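The primary structure of each chain is shown beneath.
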Amino acid sequence: MKWVVVKRKTVCAITIALLIMAILGTNLVNQQFFPVSDRPELIVDVALPAGSSLSKTNKVVSNIESRILPLPSVVHIETHIGDGAPRFYLPYIPASPSASHATLLLVAKDLTAREELFKTIKEFANDIPASLHVQRLSLGPTADFPVQYRIIGPNVDEIINTSHEIRDILKNTHGTSDVQIDWGNRTLSESFKLDAEKVVHFGSNRIAIAQQMQAFLSGEVVGTIFNADTHRSLVVRAEDKFRHNPQLWALLPIQTQMGNVFLGQLGALEIKQVFPVIWRRNGEPCITVQSDVMPGVEALEIVEHIKPEIDNIQKHLPYGYRIEVGGDAELSQTANDAIFALLPPTVGIMLLILMLQLQKFSRVVLVLCSSFLGLIGAVLGLLVFNAPFGFVALLGLIALAGMIMRNTILLVDQIEYNKHNGSTLNASVIDATILRARPVILTALASVFAFIPLAFNIFWGPMAIVMIGGLSVATFLTLLSLPAFYLVIFSEKKKDKAVQ
């Protein structure tokens, strides 16, 4: 402490340098919203082109099952065709019902077997005539794809072109996998374009013609046949050769006020490529470019890495178009906003309490600034143990700030007590630090040892590491750096440089 009193400015400079290094070191810490669960399940979503039948989906799924069942790593397999799996796990969100979609729920023997099964499915995914999305369960809320970008605008062609640019960026980014667009690929669409003048001439309308075509192609129930205890619906429709060959639709008879006419007399058949599903968000066309991430890569890292390129695309978009970040980045921002929304009132209450306790603004500022000392040890701990900074780690960092300020208040209060009892400034600082060192260190050690078991937990581990590293370093700096800052700030008023 005598050395600290003499070298007070040097100690302050070293502390500030360490804090700057910690702030810069945050760029090296992996960002994560919530970690992957340690449960042995895998979810495999199978997506065929929109409009595929249940029988075709079932055929593709049977092929996948035949490849998975012989694997020794699989304990249980459950298949849901046309629907998502039940919500057996709270963060899991089942897929929407669709005949072209299926979900396979796989249970592996253990975590090692789960990762082997994950790699095996990825290897044969390209041989399946469908899009496979393999995902592990998460310990918190998560999107289907951790990396998502929504392109929204009035013109479909414009947002499609923009989505292709973002898709190419993601494909060329290290750590991404299964990059895709949620609208899928274009498919052939058959539509009949009516000639309005001819329709009016024959005394018909679009609704009547559409109803008759629906009856010809899909069938119409015209009655019921009863047989003992059972009954069957009687459906009338066109012959197979008409229903399965669009070129013959022109020969379908349409009843009008002027009698029956051929459909070809009322318009022409158009065949073109269209997107089978067009998603909208708040009434506007919205296309989502989404990507999975490779093991060991965090979604937030990829979003941060390609941010300059996405911003560049955003700048050149026409008026009325925008790009929104979705996936884990959006969920993380939403959760953080919920926390930071309450910070202003809580900080205000805390300032009021500190002012009542310390009776001086300069001392309040000193106590508040001491809370940043925890960042040094927190960043060091995360880097040493290669732990990600996520939602729970943020909670730990906020709690850590309160614990550090508590120790600072005890030390500052003791210094003020010594000064009021006639001690010189230097003597007050030295005596107060020595007197408060034991309780401060003991409470810090108790907290550190209490957090050690949590450090090995997959969910609470990052928070425990932040608390252990931050509290350990901050306690040390509180007993050395804080007295130095106190002496620098308040030495002008009391010029006693004696060291007692």
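## Some remarks on the side chain of Gln212
Examined against the element boundaries, Gln212 turns out to sit in helix H7 (residues 206–217). Of the polar contacts made by the side chain of Gln212, one reaches the backbone nitrogen of Gln255; its length is 2.8 Å. With residues up to four places along the chain from it excluded, the contact list for Gln212 reads Pro253, Ile254 and Gln255.

## Quick notes on the environment of Asn457
Structurally, the position occupied by Asn457 is in the loop between helix H16 (425–451) and helix H17 (461–490). Put simply, Asn457 and Asp311 are 146 residues apart on the chain and 37 Å apart in space, counted from C-alpha to C-alpha. Polar side-chain contacts of Asn457 include one of 3.0 Å to the backbone nitrogen of Trp460.

## With respect to the sheet that holds strand S2 (residues 74–81)
What the four strands build is an open sheet, ordered S2-S3-S1-S4; its pairing is antiparallel. This sheet does not close on itself; its edge strands, each paired only once, are S2 and strand S4 (131–136). Sheet twist, expressed as the average angle between the axes of neighbouring strands with direction ignored, equals 15 degrees. Of the strand pairs in this sheet, S2 and strand S3 (residues 101–108) are connected by seven bridges, and their pairing is antiparallel. By the bridge assignment for S3, His76 is matched with Val107.

## Comments concerning the confidence of the model for the protein chain
Of the residues in the protein chain, 98% reach a pLDDT of 70 or more, and the chain-wide mean stands at 85. Within the protein chain, the element-level pLDDT minimum falls on strand S7 (residues 187–194), averaging 80, and the maximum on strand S5 (residues 147–152), averaging 92. Low pLDDT, under 50, characterises residues 493–500; the stretch is placed with 15 contacts to residues that sit more than four places away or in other chains.

## Quick look at helix H5 (residues 156–171)
For H5, which comprises 16 residues, the first-to-last C-alpha distance of 22 Å matches the rise-based estimate of 22 Å (1.5 Å per residue) to within 8%. Buried within H5 we find Ile159, Ile160, Thr162, Ser163, Ile166, Ile169 and Leu170. Structurally, H5 contributes buried residues whose contacts are with S5, strand S6 (176–181), strand S14 (284–293), helix H9 (299–305), helix H10 (307–315) and strand S15 (322–326). Between the side-chain oxygen at the start of H5 and the backbone nitrogen of Asp157 there is a gap of 3.0 Å, and the oxygen is on Asn155.

Rules used throughout
Residues numbered from 1 in each chain as written. Predicted model: local features only at pLDDT ≥ 70, side-chain atom pairs only at ≥ 80, totals over all residues. Heavy atoms only, no water. Helix = DSSP H or I, 4+ residues; strand = E, 2+ residues; numbered from the N terminus. Polar contact = N/O pair within 3.5 Å; in protein donor to acceptor, adjacent residues only side chain to side chain. Contact = heavy atoms within 4.5 Å. Pairing = 2+ DSSP bridges. Axes fitted to C-alpha atoms, helices over the stretch in contact; angles between N-to-C directions. pLDDT = per-residue confidence, 0-100. Expected span 1.5 Å × (residues − 1). Buried < 20%, exposed > 50% of the residue type's maximum accessible area, 1.4 Å probe, protein only.

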